[in-house]
Amino acid sequence: MDGRREREASAGQRRKADPERVLASYPWVFDPQSLREQAGEPDRLWGLLDRLTDRLEYAERDNVRAGLLSLRAVVSRVLGELDDALADGRDALRHAEASGELRPISIAQARLAHVLQWRGEFAEADRRYELADSPELPARVRAEIRELAGRSAFEQGRYLEAVNHFETALNIRQGADPELVQRVELALDEITRRTGDGGWGPYPRSRDEVLGLPAAPMPLQDEGTGLWGYAATVDPRYAQAQPFAEGVAWVRRPDSAAWELINQAGELLIGADAGYLDAGRFAEGLAWVRRQGGGWFAIDRENRTVVPGGFEEALPFRHGMALTRAHGVWGAIDRRGRIAVPRRYQRFATVLHAGGPVEGFTDEGLAVIEENGRFGVLDRTGRQLVAPAHAAVVIHPSAFLISDETGAWGALDRQGGPLVEVIHREAAEAAAEAERLVPEARPVL
C-alpha cells in the first residue's frame, strides 16, 4: 500500500508541476549538424502533452492560454506533429495579442516562428523572429530568439546572416550563458565545415527586408538648384522635404509657407491650401499639424480632423497613445483624444537600459516621468509604479534602475520595492546585481 500511495503522490506532483519548468528540465539532445533539438525521452513528452491539454480545459485568461498553447506547440514540434504545433502556435499568438502583454506576445511569436522554421516556411518564420525580439525583453530571452533566427538562416544556406545572428546572441549575454556559448560554437564549427568548399550564401538581409517593408525613398537635394526631391522617385522641386513615414511625406514648395502631403509617387494627397505651417510625421495613421496662431491637432491621410486639440506640443502616436503638452505640463491621450494620463508632469523621459530613449510609452506600457525635478514610473493608465522621488530612472527588463543626487545607482523591483542598494557607480553595475537577484530561467522556445 505504501508503494501505491507513493506512486499516486508522485503522479499528483507531476500533474501539479509547472509545465514550463518541466520542459526546461527535459534532457534535450542537440544535433550539431542540423542545429535542432531531438527528443531524448519521447514518452515523457507525450505525457507532458496530455497534462498541457488537461490544463487548457480550465485556463480562461488570455495570457495563461497563450502560454499553455505555445508550450504544447513546442512539445508537438519536437515530437514531429507539425500540423498540430502550427495550429496551437497560431492560436497561442492570438490569445497573447489579446492580452496586450509584451512578453507573452514575444514568446508566442518565437515559438510559432520555430514551428514554421521546422516546416520549411522560412519567410514567415524569419519575419516572426524579428517581430518577437525587443530590447525590453530579458537578455536571456532576446539571446535565445537571435540564436533561433540564426538557426533558421543556417537551414536556408544564409551562413553569413546566421553568423551575424549568433554573434548578436553572444553579445547580448556577454558570456553569462555557457550553454548558449557551447551551442553557438557547435553551430559555427558546422558553418565552417559547410563553407569550406562553397560560399557563404546570400548577403545578409536588413530587418526591413526580412519584414518585407519597402525601402522608403530618401530625401535628396539638387546641388544646382538647392531644391529637394526623393531619390529615383520624385524630382527636386521642394524647398523642404521631410522623410517618408508610413508611405507619405510632408513637403513645402518654394512659393508657399504651408506644407503639403505626397505619396511615394509624388502625388498630392493634402494641398498647401490646408494651411499647415507645421506638420509632424505620420504614425499609426495620424499626424499632428498646426495652422497660423493655433495649437497642434491630429489628422488622418484624408485630412480629416481626428483629435482636435490646440496643444502646445504633441508627439507622434505610439501604441495608441500620444504625449501632449498644454498649459506647460505633459500628459497623454488616446486616439480619440480622451485623456489617458492627466497632464501634470514636467516631461516624459523614458529610457531603456538596453534600447535608449523611447518617445512615449514602452512596448510594456511604461513611462518615466518628471515631477518637481524628480523622476518616477507610471503605466498606461496613469498609475504610479514608482513615485517621482529619484534623480534618474532607467527601465530594465527585470527592475527599475534608480539614481540619487550623488550619481550612485541601485534598483527597485517591478513592484517598486527595494532590490539593489543605491551604492553602485554605474547603472550597468546595478543592472548586473539586479539580474543576479532576479535570475531569468532559460525560455523553451
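Computed from a prediction, not measured in an experiment: that's the story for all the values here.

1. Concerning the overall build of the protein chain
Helix and strand counts for the protein chain come out as 12 helices and 27 strands. Each of the three principal axes of the protein chain carries a C-alpha extent, and together these read 90 × 55 × 45 Å. Among the 445 residues that make up the protein chain, the fraction classed as buried is 46%. Counting only contacts in the protein chain whose residues sit at least 6 apart along the sequence, the fraction spanning at least 24 positions is 41%. Surface exposure of the protein chain reaches about 21,900 Å², of which carbon and sulfur atoms provide 48%. When the 56 basic and 70 acidic side-chain charges of the protein chain are each reduced to a single mean position, those positions are 4 Å apart.

2. Regarding the nonpolar core
By size, the foremost hydrophobic cluster in this structure holds 18 residues, and its most contacted members are Leu-23, Leu-45, Leu-48, Leu-52, Leu-68 and Val-75. Elements represented by at least two residues in this core include exactly helix 2 (19-24), helix 3 (42-56) and helix 4 (62-78). With 6 residues, the top contributor of residues to this core is helix 4. Setting aside residues up to four positions removed in sequence, Leu-48 forms contacts with Pro-19, Val-22, Leu-23 and Val-75.

3. What about helix 7 (residues 122-132)?
For an α-helix, the turn length of 3.6 residues means that residues three or four places apart are oriented alike. Listed as buried for helix 7 are Glu-124, Ala-125, Asp-126, Arg-128, Tyr-129, Glu-130 and Ala-132. Buried residues in helix 7 make contact with helix 5 (82-99), helix 6 (102-118), helix 8 (139-155), helix 9 (159-173) and helix 11 (207-211).

4. Regarding the side chain of Asp-334
Structurally, the position occupied by Asp-334 is in strand 16 (residues 329-334). When its relative accessible area of 16% is taken as the criterion, Asp-334 is described as buried. Within the structure, the side chain of Asp-334 is placed 2.8 Å from the side chain of Arg-338, a separation counted as a polar contact. Among all residues touching Asp-334, those that are not within four sequence positions of it are Val-307, Phe-317, Gly-320 and Ala-340.

5. Quick word on the sheet that holds strand 9 (residues 268-270)
The strand order across the open sheet formed by 4 strands is 6-7-8-9, and the pairing between neighbours is antiparallel. Each of the sheet's edge strands pairs with one partner strand only, and the pair in question is strand 6 (240-241) and strand 9. Pairing geometry for strand 7 (residues 248-252) and strand 8 (residues 260-263), over 4 bridges, is antiparallel. Bridging from a neighbouring strand, Ala-249 pairs with Ile-262 of strand 8.

6. A closer look at a nonpolar patch on the surface
A surface patch of nonpolar side chains, about 370 Å² in accessible area, is lined by Leu-160, Trp-200 and Tyr-203. Looking at the secondary structure, you find Tyr-203 in the loop between helix 10 (178-195) and helix 11. Judged by relative accessible area, Tyr-203 falls into the exposed class, the value being 72%.

7. Topic: the packing of aromatic side chains
Aromatic rings in a pair are described by how distant their centres are and how their planes are angled relative to each other. Taken as a whole and judged by the stated rule, the model has 10 aromatic pairs. A centroid spacing of 5.9 Å and a plane angle of 65° characterise the contact between Phe-154 and Tyr-159, whose relative ring orientation is edge-to-face. On the basis of an interplanar angle of 65° and a centroid distance of 6.1 Å, the ring pair of Tyr-276 and Phe-297 is categorised as edge-to-face. Highlighted residues: Tyr-276 in the loop between strand 9 and strand 10 (278-279) and Phe-297 in strand 12 (residues 296-299), separated in sequence by 21 residues. Residues Tyr-276 and Phe-297 agree in their burial class; the two are buried. In this structure an aromatic cluster arises from ring pairing among Trp-250, Tyr-276, Phe-282 and Phe-297.

8. Details of unusual backbone geometry
Positioned with a positive phi, Glu-284 is a non-glycine residue whose angle comes to about 55°. Structurally, Glu-284 can be placed in the loop between strand 10 and strand 11 (287-290). Of note, Asn-372 is a non-glycine position whose phi angle comes to about 55°, a positive value. Assignment of secondary structure puts Asn-372 in the loop between strand 21 (366-371) and strand 22 (374-379).

9. Remarks on the side chain of Asp-133
Relative to the assigned elements, Asp-133 resides in the loop between helix 7 and helix 8. For Asp-133, a relative accessible area of 15% translates into the label buried. Leaving out residues up to four positions away in the same chain, Asp-133 has contacts with Arg-142, Ile-145 and Arg-146.

10. Points about the confidence of the model for the protein chain
Residues with a pLDDT of 70 or more make up 96% of the protein chain, whose mean pLDDT is 92. Note on residues 3-14: pLDDT under 50 across the span, and 1 contact to partners over four residues away in sequence or across chains.

11. Let's talk about helix 8
A rise of 1.5 Å per residue sets the reference length of helix 8, with its 17 residues, at 24 Å; its end C-alpha atoms lie 25 Å apart and thus fit the reference within 8%. Summarising burial for helix 8: 15 of the 17 residues are buried, a large majority. Downstream of helix 8 by one or two residues, Gly-157 has phi in the positive range, about 80°.

12. Remarks on the sheet that holds strand 18 (residues 347-348)
Strands sit in the order 18-21-22-23 across an open sheet of 4 strands; the sheet is antiparallel. Where the open sheet ends on each side, the last strands, each with one partner, are strand 18 and strand 23 (384-390). Relative to strand 21, strand 18 runs antiparallel, the two being bridged by 2 bridges. Paired with Arg-347 across the strands is Glu-370, a residue of strand 21.

13. Some remarks on the packing of helix 7 against helix 8
Between helix 7 and helix 8, whose axes approach to 10 Å, the crossing angle comes to 160°. Considered as vectors, helix 7 and helix 8 are oriented roughly antiparallel to each other. Viewed along their axes, helix 7 and helix 8 form a crossing whose handedness is left-handed. In this structure, helix 7 contributes Phe-122, Asp-126, Tyr-129, Glu-130 and Ala-132 to the contact, and helix 8 contributes Ile-145, Arg-146, Leu-148, Ala-149, Ser-152 and Glu-155. Here the residues of the contact of helix 7 with helix 8 are counted per class, giving 6 nonpolar, 1 polar and 4 charged.

Rules behind the numbers
- Residues numbered from 1 in each chain as written.
- Predicted model: local features only at pLDDT ≥ 70, side-chain atom pairs only at ≥ 80, totals over all residues.
- Heavy atoms only, no water.
- Helix = DSSP H or I, 4+ residues; strand = E, 2+ residues; numbered from the N terminus.
- Buried < 20%, exposed > 50% of the residue type's maximum accessible area, 1.4 Å probe, protein only.
- Contact = heavy atoms within 4.5 Å.
- Areas by Shrake-Rupley, 256 points an atom, 1.4 Å probe, with all protein chains shown as cover.
- Lys, Arg positive; Asp, Glu negative; His and termini not counted.
- Charge placed at Lys NZ, Arg CZ, Asp CG, Glu CD.
- Core = buried A, V, L, I, M, F, W, Y, C linked by side-chain atoms within 4.5 Å.
- Polar contact = N/O pair within 3.5 Å; in protein donor to acceptor, adjacent residues only side chain to side chain.
- Pairing = 2+ DSSP bridges.
- Patch = residues over 30% accessible without salt bridge, like charges linked within 9 Å, V, L, I, M, F, W, Y side chains within 5 Å.
- Salt bridge = Lys/Arg side-chain N within 4 Å of Asp/Glu carboxyl O.
- Phe/Tyr/Trp six-rings, centres within 6.5 Å; stacked < 30°, edge-to-face > 60°.
- pLDDT = per-residue confidence, 0-100.
- Expected span 1.5 Å × (residues − 1).
- Axes fitted to C-alpha atoms, helices over the stretch in contact; angles between N-to-C directions.
- Parallel < 35°, antiparallel > 145°, perpendicular 65-115°, else oblique.
- Left-handed = near helix turned anticlockwise from the far one by under 90°.
- Nonpolar A, V, L, I, M, F, W, Y, C, P; charged D, E, K, R; others polar.

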